[in-house]
Each structure stands twice: as structure tokens, then as C-alpha cells.
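Structural characterization, general
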Amino acid sequence: MTNKTLAIIKPDAVKRNLIGKIISIIEENDFVVSQVKSYHLNAVEAEKFYEIHKGKSFFEALIDYMTSDKIIVLLLHKNNAVSQFRKLIGNTNPELADSGTIRKLYAVNQTQNSIHGSDSDINANVEINFFFK
Ligand code: CMP
């Protein structure tokens, strides 16, 4: 089990000045931030990052949204980081997310859901290498 995961504060949260609030929640939950950067994905990069979703009904809306503004990318560390962080961010659909989770607090809808967290140790490594080579 790896102790690191990749988080992305997504454009809807960046636009609404929620970067500080979201990083505070992450740190209050004992994740250690070892790297952070602001990045503006282009369409080619976003399509590569989300290639697993290619062909799905929401894919084009997802690419448009993820390239619409800057994102904040964070490398996080904690024991059992991937599943602990997935728990903290909550369900993809904010209506189904548990109270206290980042998506319940801030997500606009299922696409504009404020935050990303890697969904497996394998994907965490792939995603970390994507942004922090
Ligand atoms: P995330 O889980 O971080 O990565 C894939 C993203 O695709 C997801 O967040 C949402 O932003 C988006 N997404 C996933 N499922 C749906 C859906 N059913 N409808 C719209 N957007 C979705």
C-alpha cells in the first residue's frame, strides 16, 4: 500500500476562491502536502489524463471544464493515502456525498465536483508522474 496520492483542486473551486479552505481541510485531516503547483491543462493533456473516460457521455463536458481555468495539483502523504483521501472527498455526485466531505461542502454538480483524488495506488503513481516528473 502506497502512502501517497494525487489531489487536484478543480476549476470550479479555483474560480470561487476555495483553494485555501480546501487545503486547510486536507491538512486538518493529517495529510502532508509535499508538492503543490498551479497548472492550466490544455485539451490534449486533459484527454490523456482522463483517457479512461473516453467515449462516456460526460467526456467532452469534462474536458471543456477541466481546461476552463487553472487547477491546483497537490502531492499528498498519509498512511493509506488513496482510500483515506477518497473518504475525505466523498462521492463523485455531491448529492450522494457524506456530510463533512469536501464534495458535500463545495461541489457544484457531478462534473464540477471541486476536487479529484486518485482511485487506486496504481493510478496514484501514474497521476503523480503525469504532473510531477
Ligand atoms: P473524478 O472522479 O475526479 O474524475 C473523473 C471525473 O469525471 C469526475 O471526477 C467528474 O468530474 C466527472 N464525472 C464522473 N462521472 C460523471 C457523470 N456521471 N456525469 C458527469 N461527470 C462525471
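Read on for a plain summary of the structure. A quick note: this is a predicted structure, and the numbers were derived from the prediction, not measured.

Examining unusual backbone geometry
Despite not being glycine, D30 has its phi angle at roughly 70 degrees, a positive value. Within the secondary structure, D30 sits in the loop between α2 (19-28) and β2 (32-39). Its relative accessible area of 56% is what places D30 among the exposed residues. Phi at S114 is positive, roughly 70 degrees, even though this residue is not glycine. On the secondary structure map, S114 appears in the loop between α6 (102-106) and β4 (115-117). Judged by its relative accessible area of 0%, S114 falls in the buried class.

Here's the deal with the site of the ligand
Around the ligand, a shell composed of K10, Y50, H53, F58, L62, T92, R103, Q110, T111, N113 and H116 is seen. At a separation of 2.8 Å, a nitrogen atom of the ligand approaches a polar side-chain atom of T111. Between an oxygen atom of the ligand and a side-chain N or O atom of N113, the distance comes to 3.3 Å. The fraction of the free accessible surface of the ligand (460 Å²) that becomes covered by protein chains is 82%.

Quick word on the packing of aromatic side chains
Applying the stated criterion across every chain yields a total of 6 aromatic pairs. Taking 5.3 Å as the distance between ring centres and 80 degrees as the angle between the ring planes, the aromatic pair formed by F31 and F85 counts as edge-to-face. Of this pair, F31 sits in the loop between α2 and β2 while F85 sits in helix α5 (residues 81-89), and the two are 54 residues apart along the sequence. The buried category is assigned to F31, whose relative accessible area is 4%. Classification of F85 as buried rests on a relative accessible area of 0%. Centre to centre, the rings of F49 and Y50 are 5.0 Å apart; their planes meet at 85 degrees, and the pair counts as edge-to-face. In this pair, the class of F49 matches that of Y50, namely buried. Ring pairs connect the aromatic residues Y39, F49, Y50, F130 and F131, which therefore count as one cluster.

Criteria and cut-off values
- Residues numbered from 1 in each chain as written.
- Predicted model: local features only at pLDDT ≥ 70, side-chain atom pairs only at ≥ 80, totals over all residues.
- Heavy atoms only, no water.
- Helix = DSSP H or I, 4+ residues; strand = E, 2+ residues; numbered from the N terminus.
- Buried < 20%, exposed > 50% of the residue type's maximum accessible area, 1.4 Å probe, protein only.
- Near = heavy atom within 4 Å.
- Polar contact = N/O pair within 3.5 Å; in protein donor to acceptor, adjacent residues only side chain to side chain.
- Areas by Shrake-Rupley, 256 points an atom, 1.4 Å probe, with all protein chains shown as cover.
- Phe/Tyr/Trp six-rings, centres within 6.5 Å; stacked < 30°, edge-to-face > 60°.

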